[in-house]
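Here's the letter readout for the chains.
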Amino acid sequence: MNKNDIIIREEKKDDYRQVENLVRESFWNVYRPGCLEHYVIHVLRDDPAFVGELDFVMERDGVIIGQNMFMRTRIDRDGGGEVPVLTMGPICVTPALQRKGYGKFLLDYSLEKAAGMGFGAVLFEGNIDFYGKSGFGCARDFGIRYNDMPRDADTSFFLCKELIPGYLSGVTGVYRTPKGYYAEDSDVREFDKGFPPKEKLKLPGQLFG
Ligand SMILES: CC(C)(COP(=O)(O)OP(=O)(O)OC[C@H]1O[C@@H](n2cnc3c(N)ncnc32)[C@H](O)[C@@H]1OP(=O)(O)O)[C@@H](O)C(=O)NCCC(=O)NCCS
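This is a predicted model, so every value here is computed, not measured. (Residues numbered from 1 in each chain as written. Predicted model: local features only at pLDDT ≥ 70, side-chain atom pairs only at ≥ 80, totals over all residues. Heavy atoms only, no water.)

Considerations on the pattern of salt bridges
On inspection of all chains with the given rule, the structure shows 14 salt bridges. For Arg17, the salt bridge goes to Glu20, with nearest N and O atoms at 3.4 Å. Separated by 3 residues within a single helix, Arg17 and Glu20 lie in helix α1 (residues 16–27), roughly one turn from each other. Of the charged contacts, one joins Asp76 and Arg74 as a salt bridge, the two residues approaching to 2.6 Å between their closest N and O atoms. For Arg74, a relative accessible area of 31% gives the class partly exposed. If you follow the salt bridges from partner to partner, you end up with Arg74, Asp76, Glu82, Asp148 and Arg176 in one network. (Salt bridge = Lys/Arg side-chain N within 4 Å of Asp/Glu carboxyl O. Helix = DSSP H or I, 4+ residues; strand = E, 2+ residues; numbered from the N terminus. Buried < 20%, exposed > 50% of the residue type's maximum accessible area, 1.4 Å probe, protein only.)

Details of unusual backbone geometry
Residues Gly89 and Pro90 are joined by a peptide bond in cis, for which omega reads 0°. With a phi close to 65°, Asn29 is a non-glycine residue in the positive phi region. Structurally, Asn29 can be placed in the loop between α1 and α2 (37–44). A positive phi is found at Arg99, a non-glycine position, where the angle reads about 60°. Residue position: Arg99 is located in the loop between β6 (92–93) and α3 (102–116).

A short note on the packing of aromatic side chains
For the structure on display, the rule yields 12 aromatic pairs. Between Phe56 and Tyr109 the ring centres are 5.4 Å apart and the planes differ by 85°, which places this aromatic pair in the edge-to-face class. Separated by 53 residues along the polypeptide, Phe56 in strand β2 (residues 56–60) and Tyr109 in helix α3 bring together distant segments of the chain. Take Tyr109: its relative accessible area is 27%, and that puts it in the partly exposed class. An angle of 90° between the planes, with centres 5.0 Å apart, marks the rings of Tyr146 and Phe157 as edge-to-face. (Phe/Tyr/Trp six-rings, centres within 6.5 Å; stacked < 30°, edge-to-face > 60°.)

Quick look at the site of the ligand
Close to the ligand lie 19 residues, the nearest being Tyr31, Arg99, Gly101, Gly103 and Lys133. Arg99 is positioned with one of its backbone polar atoms (N or O) 2.7 Å from an oxygen atom of the ligand. Residue Lys133 places a side-chain N or O atom 2.6 Å away from an oxygen atom belonging to the ligand. Burial of the ligand by the protein amounts to 75% of the accessible area it has alone, namely 880 Å². Elements with a contribution of two residues or more to the shell around the ligand: α1, β6, α3 and α4 (128–131). Looking at the shell around the ligand residue by residue, the classes come out as 8 nonpolar, 5 polar and 6 charged. (Near = heavy atom within 4 Å. Polar contact = N/O pair within 3.5 Å; in protein donor to acceptor, adjacent residues only side chain to side chain. Areas by Shrake-Rupley, 256 points an atom, 1.4 Å probe, with all protein chains shown as cover. Nonpolar A, V, L, I, M, F, W, Y, C, P; charged D, E, K, R; others polar.)

Structure below.
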């Protein structure tokens, strides 16, 4: 990867379809047969919690090869009250250019912008092998639990990074995933009809059936 060949900029309305295609190509058959992330971003962009200033695309030679986005959400504190935090994603890099450093570059750029806007922490579900390299740890170690999962459940997929050091010190509580991330299968199927046909495959390693 050559950093000089890359531009990261805010997504524009004209990019929407191209980005939805990119997301669909990048997530297709990775976590389930087919994917829902292209529908999710379509919905999230109109959500009041969506952070337009942190909706990024990455271009190389004038072609969009990556994207990342953030939503405002909250931790419900044990004992009452809320702590505002960010959640992130989907993030992706076009399949042909994965594992060449583009994803980490886009992630680190986005996190720096989020920190610059004054956000205190980012929490989401992901693979520590990738996100750990950008300073994420297990949210459980920060005292944060995942939605309604039991206290003793394995939530090693649930990650956290403070953007303001100490932002979550003394905070324990439950993170709430914004509603927009939960898509109805029937809505995804309907939305997907507007894209070129693609075969859904059950593959080893997928998280969802
Ligand atoms: C996940 C994704 C955004 C990472 O972007 P990328 O450009 O491929 O990643 P990078 O090359 O910057 O990775 C940096 C390091 O993170 C780790 N890493 C990246 N992707 C990984 C993966 N899928 N599994 C394990 N480790 C991974 C590796 O250690 C990698 O370094 P290496 O290639 O030298 O081993 C990209 O692969 C992608 O779009 N995947 C499909 C969609 C997806 O899963 N999005 C994330 C949902 S949480």
